[in-house]
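Below are the chains, spelled out letter by letter.
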Amino acid sequence: MPDDEDGVGAHATPHPASSPDGTSAPKDPAADPAADAPGRGARFRAWLARQPRTRLVVAGVAALALVAGAGVAATVADQRRVERLRALPGGVVDLATPPHAAWTTTTDGAVWPVAQVGSLLVVMEQESLWVPGAAEGGSVTLRALDPATGEDRWSRDVPASTCGPGGITRSERLVCVVRTDGGWSALVLDAAGDVVAERALPGVEGPAGLTTEGEPPPAAVAMPTADGGLLRLVRLGEPPTMPELVDEGVGDWRPRSPILARDLRVTLEDAVTGQERWSTTLAAEPTVDVHSCISVILDGDVPRLDGDTKVWVDASGDVVTVEGCGVSAQLTPEGVRLGGGEPWGVRAVAVADGYAVPPAAEILEDGTQSFDATGRWSLVRRDGTAAGELPGPLIVPAVTDGTGEDLLFVREGGALVALRTDGLSPAWRTGRPDSGVLAQVDGTVLTVEEGRLVGLDAATGRSRWATDVGAADAQNLAMTAQGMGQAFTDGRRVVVLSPDWGSDGSAGKLTAYDVGTGEVVWSQPFDGDVQAWTLAVDGHLLRGGPDRIEGLG
């Protein structure tokens, strides 16, 4: 009888139903399991002996490929997770263990984050922690730190300045409004700290938010934006005559007549070239809101209105917010006015391919304003045209892992409702949460209900788990969900920084919750001597204080 193609003779191959000694194996394995175990091994060896070597090699390679493929897929998925987290404001690569000071860098003064340029955190080192920039002259130091190591990649002393876009907004360039001998100039730096451009800003009297004791704010100011731009804000016309203030009791001062502020022209220009991108004029409304116009308190305890030039600008995100005496506006980066919102309060939010805009505040007969916190929000496209309406106020999660962008959350009648971004059809509705949404991570929506941390299935709204966290922690979690705290995530855990009401001198505590179970993974206090700000930068957790910055690993 001829041999098999692998060289093993067919006569040498035991029948799979026979044992090695040629006796028959039991027909029912359950009847004699002890006898069957060696039989199975023999049958496998027999089958193995019959296989061509080429087939065995291919099968082995295929098995290895499956294992390797699964490993590669897991690696690719993890790489994508890391890349996604590094680009998110609350994303940290790994929060499995309590953070410790992996590196520390000391400073000669207080430091304040002004931008994330590339992967570096740029901070401004100055005398006072609470006043970003030095309005009274002198200079400040800009330092670009590697968030992974704390290494100074570059540093530069610049004249008294305001730099932006502000916070940890990611940008390819840093724009500063700096004081010079001839007035004010725009200074533009790239990610390496090299000067891209420096040009004079004729007519500009300082950066937005500049205040000098005893003097009103300037009427023409500038502010960096998130896209390498520079906003100019100028009051038009002659300064108005300001009314006297009347004390209505308990320090409640009101103007004797409405304040007739001037219109405000807002122009966005390229910070490097000065070329105008767009310009719009915000018509001022008569106002009795003293706080939006007051600049200093003089004459004993009597406040004095020092003109209509007070203005506050936030241009660090997807919406440009302008607040000031007689004006309140929200603009897209293209200069389209969105309207709505509460002065110094609720703001429009960039969602999907447009914006969710809150209802406008109502001006009452006495000149004060009232805002309906339960009213319907509007959806508008980027060009400002209407795109739909939300059944209630938009709820923005305190932190996300960048997944689940197909859902919007709103509050309707006290219930939490998830809407599909494509068509705004309801995906699900659930309960009466005590607050907003704490997090949307790894297919789970975290809310706080009746003193419990609850994890909902993002696809169905069904409860996956509920954890009793205690009254104090539940309150802290609810406050964070409402935007009055900070949260971070690595895609598997959510870490909440909450205030510590104890007397141990700490500024608060960090608590990590497992997204899959709601259980506390770890908790630790935060050192009150260091904590002034805490940020996630390029996937790393950093905190700064009066005299140092720490990278938490």
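That block above? That's the structure.
I will try to describe carefully the structure that is included in this document. Here the residue numbering is sequential within each chain, running from 1 through the sequence in written order. Thresholds applied to this predicted model are a pLDDT of at least 70 for local features of residues and 80 or more for the giving and counting of side-chain atom pairs; totals over whole chains, interfaces and linings are not thresholded and use all residues. Working from all heavy atoms in the structure, the side-chain values ignore hydrogens and water.

## Considerations on the overall build of the protein
By the criteria applied, helices consist of DSSP H or I runs no shorter than four residues and strands consist of E runs no shorter than two, each listed in order from the N terminus. Per the secondary structure count, the protein includes three helices and 43 strands. Think of it in three bands: residues with accessible area under 20% of the maximum for their type are buried, residues over 50% are exposed, and the middle band is partly exposed, with areas taken using a 1.4 Å probe on protein chains only. Residue burial in the protein is summarised as follows: out of 553 residues, 46% are buried. Residue contacts follow a heavy-atom distance rule, with two residues in contact if any of their heavy atoms lie within 4.5 Å. Put simply, of all contacts in the protein between residues at least 6 apart along the chain, 47% involve residues at least 24 apart. Surface accessibility follows the Shrake-Rupley procedure with a 1.4 Å probe radius. Residue values consider only the protein chains on display as shielding. Carbon and sulfur atoms make up 52% of the accessible area of the protein, which amounts to about 26,700 Å² in all.

## Here we look at the state of the cysteines
Put simply, a disulfide is two cysteine sulfurs that come within 2.5 Å. Considering all chains together, one arrives at two disulfides under this definition. Cys163 shares a disulfide with Cys176; S-S distance 2.0 Å. Torsion about the S-S bond of the Cys163 and Cys176 cystine: about 105°, corresponding to right-handed handedness. With Cys163 in strand β6 (residues 161–164) and Cys176 in strand β8 (residues 174–180), the pair connects residues that are 13 residues apart, well separated along the chain.

## Some remarks on the pattern of salt bridges
Basic side-chain nitrogens of Lys or Arg form a salt bridge, by our definition, when they fall within 4 Å of a carboxyl oxygen of Asp or Glu. As enumerated under the stated definition, the model contains 22 salt bridges in all. Measuring nitrogen to oxygen at the nearest pair gives 2.3 Å for the salt bridge that ties Arg347 to Glu323. Note that Arg347 is positioned in the loop between β21 (327–331) and β22 (349–351) and Glu323 in strand β20 (residues 320–324), a separation of 24 residues in sequence. Each member of the pair, Arg347 as well as Glu323, carries the same accessibility label: buried.

## A look at helix α3 (residues 471–481)
Inspection of α3 places Asp473, Ala474, Asn476, Leu477, Ala478, Thr480 and Ala481 among the buried residues, and these make up the whole buried set. Considering only its buried residues, α3 is in contact with β33 (437–441), β34 (444–449), β35 (452–457), β37 (486–489), β38 (493–498) and β39 (508–514). Following α3 by one or two positions, Gly483 adopts a phi angle in the positive range, close to 90°.

## Quick notes on the sheet that holds strand β28 (residues 394–395)
When DSSP finds at least two bridges between two strands, those strands are taken to pair. Here we have four strands laid out as an open sheet, ordered β28-β30-β31-β32, and antiparallel in their pairing. Two strands in the sheet have a free side with no partner beyond their single neighbour: β28 and β32 (426–430). Of the strand pairs in this sheet, strand β31 (residues 415–420) and β32 are connected by four bridges, and their pairing is antiparallel. Within the sheet, the bridge partner assigned to Leu419 lies in β32 and is Pro426.

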